[in-house]
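Survey of secondary and tertiary structure
The residues making up each chain are set out below.
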Amino acid sequence: MDARAEARQITWYHTLELDGFTTSGTFDLRPYVKEYGIPEDLSGKRVLEIGTWDGFWAFELERRGAEVIALDLDDERELDWPPRRRPTTFPEHARGRGFAIAKEILGSKAERVVRSIYHATPEELGQFDLVFCGSVLIHLRDQLLAYERMGGLTKSGGMLISAEEPAGGLMNLLPFAASRYHADREAAVVFWLPNRRAWKRMIWTAGYDRVDEHGRFTMKSNEGYDVPHVVLHGHKS
Ligand SMILES: C[S@@+](CC[C@H](N)C(=O)[O-])C[C@H]1O[C@@H](n2cnc3c(N)ncnc32)[C@H](O)[C@@H]1O
């Protein structure tokens, strides 16, 4: 089927503007782009995006001039889901279908690599000037290993932009890094919900020598729920 026709049929996670047709995604990230502190000009930079889904960030990073590699998985059985909730069959549409359709319509050169961040190495992918990871780690069992992989994939002098949900209000008043155990939260697959200090500290532990809080904001989904976010920037010496 022609990509433009298919774009009108499938379910989208991201709202994307596809040559005159705007997809109706679960998340419309357009109002939040300014919150992440992405360098305006990424010409000549290699950028790695983790957990791209339909590719909103990959296409945005490419629009700023970057050469983009975007990681994700196709088979939901390979995601870190608790055993009771893990799907038993391959989904009707691979997770990357939307990305492929959007890439074709946009004429994008962003390359989607089917690889878990757990298994992403510089030997295979090289190193990057910028690693970008939005709203992925709350869904992972081993957040620290994921950050460690990102650290290994970042060039010396390079940067990480990480945006994740922190544990709620009072948890952030704790003067130490702490996580809530959340494996059976009903609305989503979330194992650990770190407070802001814990997110920051994990990034430092993973090899980023300076970690700054860039900002905080609340993202509204098109399904009626809100997700608070903290944006952290990690810098590698
Ligand atoms: C909540 S979505 C966020 C999508 C996008 N990054 C954003 O900011 O809107 C999480 C994404 O991470 C991907 N993901 C989950 N576990 C992953 C892993 N181990 N390695 C790479 N991607 C993963 C999911 O398939 C999904 O596309």
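Residues numbered from 1 in each chain as written. Predicted model: local features only at pLDDT ≥ 70, side-chain atom pairs only at ≥ 80, totals over all residues.

**So, the environment of proline 82**
One can find proline 82 in the loop between β6 (67–72) and α3 (97–106). Take proline 82: there are 13 C-beta atoms within 10 Å of it, and that puts it in the partly exposed class. Note: C-alpha distance between proline 82 and valine 190 (108 residues apart in sequence) is 9.1 Å. (Helix = DSSP H or I, 4+ residues; strand = E, 2+ residues; numbered from the N terminus. Buried ≥ 20, exposed ≤ 12 C-beta atoms within 10 Å, placed from the backbone.)

**Notes on the site of the ligand**
Taken together, 20 residues lie near the ligand, and Gly51, Trp53, Ser116, Ile117 and Gly134 sit nearest. Elements supplying a minimum of two residues to the shell around the ligand: α2 (56–63) and β6. When grouped by side-chain class, the residues that make up the shell around the ligand number 13 nonpolar, 5 polar and 2 charged. (Near = placed C-beta within 6 Å. Nonpolar A, V, L, I, M, F, W, Y, C, P; charged D, E, K, R; others polar.)

**A short note on α3**
For an α-helix, 3.6 residues make a turn, and residues three or four places apart therefore share a direction. Within α3, the full set of buried residues consists of Gly98, Phe99, Ile101, Ala102 and Lys103. Where the residues of α3 are buried, they touch α1 (3–7), β1 (12–14), β2 (17–18), α2 and β7 (111–114). Just beyond α3, the residue with positive phi is glycine 107, at close to 65 degrees. (Contact = placed C-beta atoms within 7 Å.)

**Notes on the pairing of strand β13 (residues 226–235)**
Taken together, the 6 bridges between strand β9 (residues 154–164) and β13 define a ladder with antiparallel strand orientation. Directly across from serine 162, in β13, lies its bridge partner leucine 232. When strand β12 (residues 210–220) meets β13, the two strands line up antiparallel, connected through 10 bridges. Pairing of methionine 219 across the sheet is with valine 227, part of β13. (Pairing = 2+ DSSP bridges.)

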